[in-house]
Amino acid sequence: MSDQHSHQSFETRAIHAGNTADPLTGAVVPPIYQVSTYKQDGVGGLRGGYEYSRSANPTRTALEENLAALEGGRRGLAFASGLAAEDCLLRTLLVPGDHVVIPNDAYGGTFRLFAKVVQRWGVDFSVANTSDIESVRGAVNDRTKLIWVETPSNPLLGITDIEAVAGVARQAGVKLVVDNTFASPYLQQPLALGADVVVHSLTKYMGGHSDVVGGALVTADEALGEELAYHQNAMGAVAGPFDSWIVLRGIKTLAVRMDRHSENATKIAEMLTQHPKVTQVLYPGLPEHPGHEIAAKQMRSFGGMISFRVQGGEEAAVEVCNRAQLFTLGESLGGVESLIEHPGRMTHASVAGSALEVPADLVRISVGIENVDDLLADLRQALG
Ligand SMILES: Cc1ncc(COP(=O)(O)O)c(C=O)c1O
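Remember, predicted model here, so these are calculated numbers, not experimental data.

Caption draft 1: Local environment of unusual backbone geometry. With an omega of -10°, the peptide bond between T151 and P152 qualifies as cis. When you line up the elements, P152 lands in the loop between β4 (144-150) and α7 (162-172). Between N154 and the following residue, P155, the backbone shows a cis peptide bond with an omega angle of 10°. Structurally, P155 is set in the loop between β4 and α7.

What follows is the structure in structure tokens.
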């Protein structure tokens, strides 16, 4: 984060960091620099340091500065998707023979990247229950290079104590990576808790309107930031100017959106715990959630994601998804509109048969910022 923004509160940084008025016109919003190359004033004479938009583009720079400021980092990098960001990170940090520790609950695509892509280059992994610090410690070996954590996790809303795992990582001399997609930097600041790198799917709460796919890496380590930026350019899966602009726009309302997501989700989780057709509610805001105390310690509030299990198994869970009307049946999460899905058949189909397999009677909802009474009514009718 630049010193200019370090004293500002989160809401102010969300609106101002990276968003300097356009030097040419005074436009208060950074323009969409839809351009691939830049005129040089004589060979090597770059204006403002830009030469080619894979290496850097002013709209992407605005977003990258904003991301660094929001996570309390020194370097932010924006990618074409969350998985592109993850891919760049893994190919920067790992070589054949290395080992990584991954969580037993994570986004299915992240697991697929490890199991079907990274493993083929000779990097192996162990699966740990990252909510249990001894499980993490036990999974580390002398070839381990990084520990990967997702908290809250997708789709089981498990909570990992970031500070405690950072202690294990430090002791073992390995890097800690935290996927902060479910919380967003408004609710949780992994770098301040000891993480080395934060990963985001910008597609979710950061964009916030289900209209863009993007990803990010943020670090407080300048040397690592340089290395990641080198690989971002060398590999090339960058965020385009328009996608960068739309995420930057979404981020300006992140704080107010997250407050409402959390407020609505709390009321919905409470209703679900009382519902006779619901056998279990997974929401870190509930006092009975096993990670509640840690979540209360490391998160500002508990976010907009809830999973729940229903009586009657897989068919009943699928029926609930199909009957919902206001909750749109679809993958993804974190938009202003509420979504519902069946992880076993949709977002997490790729983990079937693995240590990350999810219960068949599980329904996941992304609680939007509509009127909560309308959302409660829709879920009640969907549950029948
Ligand atoms: C927690 C989490 N991390 C990473 C990703 C991957 O991001 P993207 O879909 O933008 O590639 C997702 C996507 O659903 C996710 O939920």
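Right, picking up where we left off after that structure.
Caption draft 2: Layout of the site of the ligand. Around the ligand, the structure places 13 residues, and the nearest of them are L83, D179, S201, T203 and K204. One nitrogen or oxygen atom from the side chain of N154 is found 3.0 Å from an oxygen atom belonging to the ligand. Between the ligand and the protein, one listed contact pairs an oxygen atom with a side-chain N or O atom of S201 at 2.8 Å. Computed on the free molecule, the ligand has an accessible area of 390 Å², of which 91% lies beneath the protein chains in the complex. With three residues, the single largest contributor to the shell around the ligand is helix α4 (residues 82-93). Taken together, the residues of the shell around the ligand break down into two nonpolar, seven polar and four charged.

Caption draft 3: Just helix α9 (residues 222-235), in detail. Helix length check: α9 (14 residues) gives 20 Å between terminal C-alpha atoms against 20 Å at 1.5 Å per residue, within 8%. For α9, the set of buried residues is L224, G225, L228, A229, H231 and Q232. Along the axis of α9, the buried residues cluster in a sector spanning 165°; they form a single face. Residues E222, A223, Y230 and A234 are exposed on α9 and point more than 90 degrees away from its buried face. The elements touched by buried residues of α9 are α3 (58-71), β1 (75-79), α4, β5 (175-179), β6 (197-201) and β7 (215-219). Two or three places before A223, at the start of α9, stands the capping residue D221, its side-chain oxygen 3.0 Å from that residue's backbone nitrogen. Looking one or two residues beyond α9, the residue adopting positive phi is G236, at roughly 90°.

Here is what the cut-offs are and how they apply
- Residues numbered from 1 in each chain as written.
- Predicted model: local features only at pLDDT ≥ 70, side-chain atom pairs only at ≥ 80, totals over all residues.
- Heavy atoms only, no water.
- Helix = DSSP H or I, 4+ residues; strand = E, 2+ residues; numbered from the N terminus.
- Near = heavy atom within 4 Å.
- Polar contact = N/O pair within 3.5 Å; in protein donor to acceptor, adjacent residues only side chain to side chain.
- Areas by Shrake-Rupley, 256 points an atom, 1.4 Å probe, with all protein chains shown as cover.
- Nonpolar A, V, L, I, M, F, W, Y, C, P; charged D, E, K, R; others polar.
- Expected span 1.5 Å × (residues − 1).
- Buried < 20%, exposed > 50% of the residue type's maximum accessible area, 1.4 Å probe, protein only.
- Arc of directions from axis to C-beta.
- Contact = heavy atoms within 4.5 Å.

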